[in-house]
Amino acid sequence: MSLLRSAKIAIKKHNYKLFKLLHPFHKAYRELLMRGAQRRYGVNPKKVIFSSFEGRSYNDNPRAISEKLHELCPEAEIVWLFQTSVIDKVEVPPYVKKQYRITREGLIEQATARFWVDNFRHTESLWLNGKKQFYIQTWHGDRGFKKVGDDNEKLDHKVLRMEDQCAMMIAGSEFGKGTYRTAFRFKGEVLMDGCPRNDILLRNDPKVAADVRRRMGIPDGVKLLMYAPTYRDALERCAQDAVLDISRTLDHLEATTGEQWRCLYRAHYLNTGLNVREDSRLIDATKWPEMSELLLITDMLITDYSSCGGDFALLRRPLFLYQADAEEYLRESRSFYFDIEKSPFLVAHDQDELEALIDRTDAEAARENCEALDRFFGTTETGHASEAVCRYIMERMN
């Protein structure tokens, strides 16, 4: 991380008044640099810049679009932006150019690219030429129920963002589209073909699932539970304790189904890990790059307040919300867009309730529950979202 960026983060964290005072100068510097680069080098109509979770990884909706774009348009110049701490660790295909995200070089790449594709909010300290460039915001969970962006009244302050300059956003549900209008104040076009990362779930290819299991070292015949809680605002950048008793849940599943079970547990990307009780049946999947691959091979999902539940419903498999700390979460972290207790979600507040839900949710009940969730959110997934976004890009290359 550059000294300039380190200083900016420290000032923003410890002296927000000073940050607000200095921010316009920093913004002016970046804009001057990007304007100058664009005048000097022009805009490359074939160049597409990708970033996922502020440059933390190569995954999610941007990855699905990037790989499909290379397939449909091999002449496209694909550049991925990464944070300095991960750029040398991230594996990308040979056709991808890696670049540091917030550096002079990274800003020049953005200034000279026709398209930006991102799944996280851009700060308004970047400059975009709306007449020559297209900013496509994919977001990273359009069926979440915790409030985000400007809808989150618990934010101490509202940092100016540039989503109002998006050419287009994408969604896989009417609920997601409505969220963009309020959380990001976005008034433009929303492509409703779905979330590209979910195409793999709609295809539900047994060969792809078998390959993922093989790469993870999962033995044949073993059933997979996945536990994927979201983060608590007070524990950002920290390890978080598992609220669920995973071992007890696995014991119950093995006793009632007569089959062998293991659990993939995954910490949120804003946590450094998930603290769990030692058990040989548990597999830490936190560092597995692609969440959609994990969902594909999962037989039963337990989450708490995460949007991954809305994605998993596409597979028509048992899905439960374990919310043993609901009051604390509402008080200390986020409020919700709707009353979860009045939604189709199957919610448990303790282990006994969870086990009772598991016992009465057979394959048919799980399918009906997931279909009810699709209706609740107004799901519009097609399984061809990646291609739809690529067609949008390709039509505007020239």
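Thresholds, definitions, all that
Residues numbered from 1 in each chain as written. Predicted model: local features only at pLDDT ≥ 70, side-chain atom pairs only at ≥ 80, totals over all residues. Heavy atoms only, no water. Pairing = 2+ DSSP bridges. Helix = DSSP H or I, 4+ residues; strand = E, 2+ residues; numbered from the N terminus. Contact = heavy atoms within 4.5 Å. Axes fitted to C-alpha atoms, helices over the stretch in contact; angles between N-to-C directions. Buried < 20%, exposed > 50% of the residue type's maximum accessible area, 1.4 Å probe, protein only. Polar contact = N/O pair within 3.5 Å; in protein donor to acceptor, adjacent residues only side chain to side chain. Salt bridge = Lys/Arg side-chain N within 4 Å of Asp/Glu carboxyl O. Phe/Tyr/Trp six-rings, centres within 6.5 Å; stacked < 30°, edge-to-face > 60°. Lys NZ or Arg CZ within 6 Å of the ring centre and 35° of its normal. Right-handed = clockwise from strand over helix to strand, strands pointing away. Patch = residues over 30% accessible without salt bridge, like charges linked within 9 Å, V, L, I, M, F, W, Y side chains within 5 Å. Areas by Shrake-Rupley, 256 points an atom, 1.4 Å probe, with all protein chains shown as cover. Lys, Arg positive; Asp, Glu negative; His and termini not counted. Charge placed at Lys NZ, Arg CZ, Asp CG, Glu CD.

(A) Geometry of the sheet that holds strand 15 (residues 347–348). An order of 12-10-8-13-14-15 is seen for the six strands of this open sheet, with the pairing classed as parallel. Every interior strand has two partners, whereas the edge strands, strand 12 (282–284) and strand 15, have only one. Across the sheet, helix 8 (residues 246–257) lies against strand 8 (223–227), strand 10 (261–265), strand 12 and strand 13 (300–303), angled at about 150 degrees from strand 10, the strand it touches most.

(B) The arrangement of the environment of arginine 277 in detail. Looking at where arginine 277 falls in the secondary structure, it is placed in the loop between strand 11 (273–275) and strand 12. For arginine 277, a relative accessible area of 54% gives the class exposed. Along the chain, arginine 277 and cysteine 73 lie 204 residues apart, while their C-alpha atoms are 48 Å from each other. Once residues within four sequence positions are removed from consideration, arginine 277 is found in contact with Asp245, Ser247, Arg248 and Leu282. Polar contacts involving the side chain of arginine 277 include one to the side chain of serine 247, which spans 3.5 Å.

(C) Fine view of the pattern of salt bridges. Evaluated as defined, the whole model comprises 31 salt bridges. With a closest N to O distance of 3.4 Å, arginine 215 and glutamate 293 form a salt bridge. With arginine 215 in helix 7 (residues 206–216) and glutamate 293 in helix 9 (residues 291–297), this residue pair connects regions lying 78 residues apart in the sequence. Residue class for glutamate 293 comes out buried when judged on its relative accessible area of 13%.

(D) Structural detail: the sheet that holds strand 5 (residues 134–137). Across the sheet, which stays open at both edges, the seven strands sit in the order 3-2-1-4-5-6-7 with parallel pairing between neighbours. The open sheet terminates on both sides in strands that have one partner only, identified here as strand 3 (96–100) and strand 7 (189–191). Across the sheet, the axes of successive neighbouring strands diverge by a mean angle of 25 degrees, strand direction being ignored. Summarising the sheet, strand 4 (residues 113–118) and strand 5 pair through four bridges and their orientation is parallel. Of the residues in strand 5, the one forming a bridge with aspartate 118 is glutamine 137.

(E) Focus on the packing of aromatic side chains. Tallied over the full model, the rule gives 21 aromatic pairs. Plain terms: the ring middles of tyrosine 329 and phenylalanine 336 are 5.9 Å apart, the flat faces sit at 20 degrees to each other, and that makes the pair stacked. Of the residues examined, tyrosine 329 reaches a relative accessible area of 1% and is grouped as buried. Relative to phenylalanine 377, the ring of phenylalanine 338 lies with its centre 6.1 Å away and its plane at 70 degrees, an arrangement referred to as edge-to-face. Of this pair, phenylalanine 338 sits in the loop between helix 11 (326–332) and strand 15 while phenylalanine 377 sits in helix 13 (residues 363–377), and the two are 39 residues apart along the sequence. Taking relative accessible area as the criterion, phenylalanine 338 reaches 15% and is therefore assigned buried. The ring of tyrosine 392 has arginine 396 lying over it, and the distance from NZ or CZ to the ring centre is 3.6 Å.

(F) Here's a closer look at the pairing of strand 14 (residues 319–322). Taking every second residue as pointing to the same face, both faces of strand 14 are buried, with Leu319 and Leu321 on one and Phe320 and Tyr322 on the other. In terms of strand pairing, strand 13 meets strand 14 through three bridges, oriented parallel. Each residue of the ladder has a partner; that of isoleucine 302, found in strand 14, is phenylalanine 320. Of the pairings in the sheet, the one linking strand 14 to strand 15 comprises two bridges and is parallel in character. Looking across to strand 15, one finds that tyrosine 322 is bridged to alanine 348. Remark: the strand 14/helix 11/strand 15 crossover connection has right-handed handedness.

(G) Geometry of a negative patch on the surface. Taken together, the side chains of Asp339, Glu341, Asp350 and Glu353 define an acidic patch exposed on the protein surface. By secondary structure assignment, the location of aspartate 339 is in the loop between helix 11 and strand 15. A relative accessible area of 41% means that aspartate 339 is categorised as partly exposed.

Honestly, that's just the spatial picture; any functional story needs more than this.
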